[in-house]
Amino acid sequence: MRYVLAALGLLLVAACGTGGTGSAPVNAADVRFVQMMVQHHRQGIEIAKVGAARAVTPELKTLSAAIASTQQTEVEMMLRWLHSWEQPLTPPDGAHDHHGGLPDIDQKRIAELKRSPSLESDLLTLLITHQDGAVQMAADEVRDGVAPAVTQWAAQVQESRRAQVAQLRDLLSR
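Treat the numbers as computed from the prediction; the structure is a model and nothing was measured. (Residues numbered from 1 in each chain as written. Predicted model: local features only at pLDDT ≥ 70, side-chain atom pairs only at ≥ 80, totals over all residues. Heavy atoms only, no water.)

## Some thoughts on the packing of helix H3 (residues 58–84) against helix H6 (residues 148–173)
As a packed pair, H3 and H6 sit with axes 13 Å apart at the nearest point and diverge in direction by 165°. Between H3 and H6, the interaxial angle falls into the category roughly antiparallel. Considering how the two elements wind past one another, H3 and H6 form a crossing that is left-handed. The segment H3 lies against H6, with Glu59, Leu60, Leu63, Ile67, Gln71, Glu74, Met77, Met78 and Trp81 engaging Ala149, Val150, Trp153, Arg161, Gln164, Gln167, Leu168 and Leu171. Of the residues belonging to the contact of H3 with H6, the class tally is 11 nonpolar, three polar and three charged. (Axes fitted to C-alpha atoms, helices over the stretch in contact; angles between N-to-C directions. Helix = DSSP H or I, 4+ residues; strand = E, 2+ residues; numbered from the N terminus. Parallel < 35°, antiparallel > 145°, perpendicular 65-115°, else oblique. Left-handed = near helix turned anticlockwise from the far one by under 90°. Contact = heavy atoms within 4.5 Å. Nonpolar A, V, L, I, M, F, W, Y, C, P; charged D, E, K, R; others polar.)

Given below as structure tokens:
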């Protein structure tokens, strides 16, 4: 039943067009992407803060702090978008189901990371997975979204997170 309600809600958003602002068009894909990316970024911030606080390798410590800072700024931008579209700040239940229930899995992994005896390799592995998830989510937005600012930002996310994944893989291989 909640999937039906979620689908109906997304259809309603799509039918409403701009979400009440009278500005650039916004569709259900834009709203879903931004709602899910807010949650995804908040998890990324939590992961990166662990790295900024506990990593020993200076490059990893600096990169973790930069990820946390950048993603906090991006969360604030996304929340402004959702407010301007008059949309809920969180996605409906089950919105993450198509890619394995990301929030529940990451919360468990973040808790494990905080206790990890091999923090740096576990942090790198988790950040690689997390940042790659952002690339995949952004690809969906680039393909399906209509809000120019959101699709442009999603393309930037793809590029920047791919570069971060390459940097993280390099650190992991050392």
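Further notes follow.
## Comments concerning the pattern of salt bridges
It is possible for side chains of opposite charge to pair when their charged atoms get near one another. Scanning the model with the defined rule gives six salt bridges in all. Here arginine 161 ties to glutamate 74 by a salt bridge, and the two come within 2.4 Å at their closest N and O atoms. Residue arginine 161 is found in helix H6, and its partner glutamate 74 is found in helix H3; the two are separated by 87 residues along the sequence. With a relative accessible area of 10%, glutamate 74 lands in the buried category. Each of Glu59, Asp170 and Arg174 takes part in a single network of salt bridges with overlapping partners. (Salt bridge = Lys/Arg side-chain N within 4 Å of Asp/Glu carboxyl O. Buried < 20%, exposed > 50% of the residue type's maximum accessible area, 1.4 Å probe, protein only.)

## Comments concerning the environment of aspartate 106
You can see aspartate 106 is positioned in helix H4 (residues 102–114). Overall, aspartate 106 belongs to the buried group, its relative accessible area being 3%. C-alpha separation for the pair aspartate 106 and histidine 130, spaced 24 residues apart in sequence, amounts to 8.6 Å. Beyond its immediate chain neighbours, meaning those up to four positions away, aspartate 106 contacts Gln43, Leu126 and His130.

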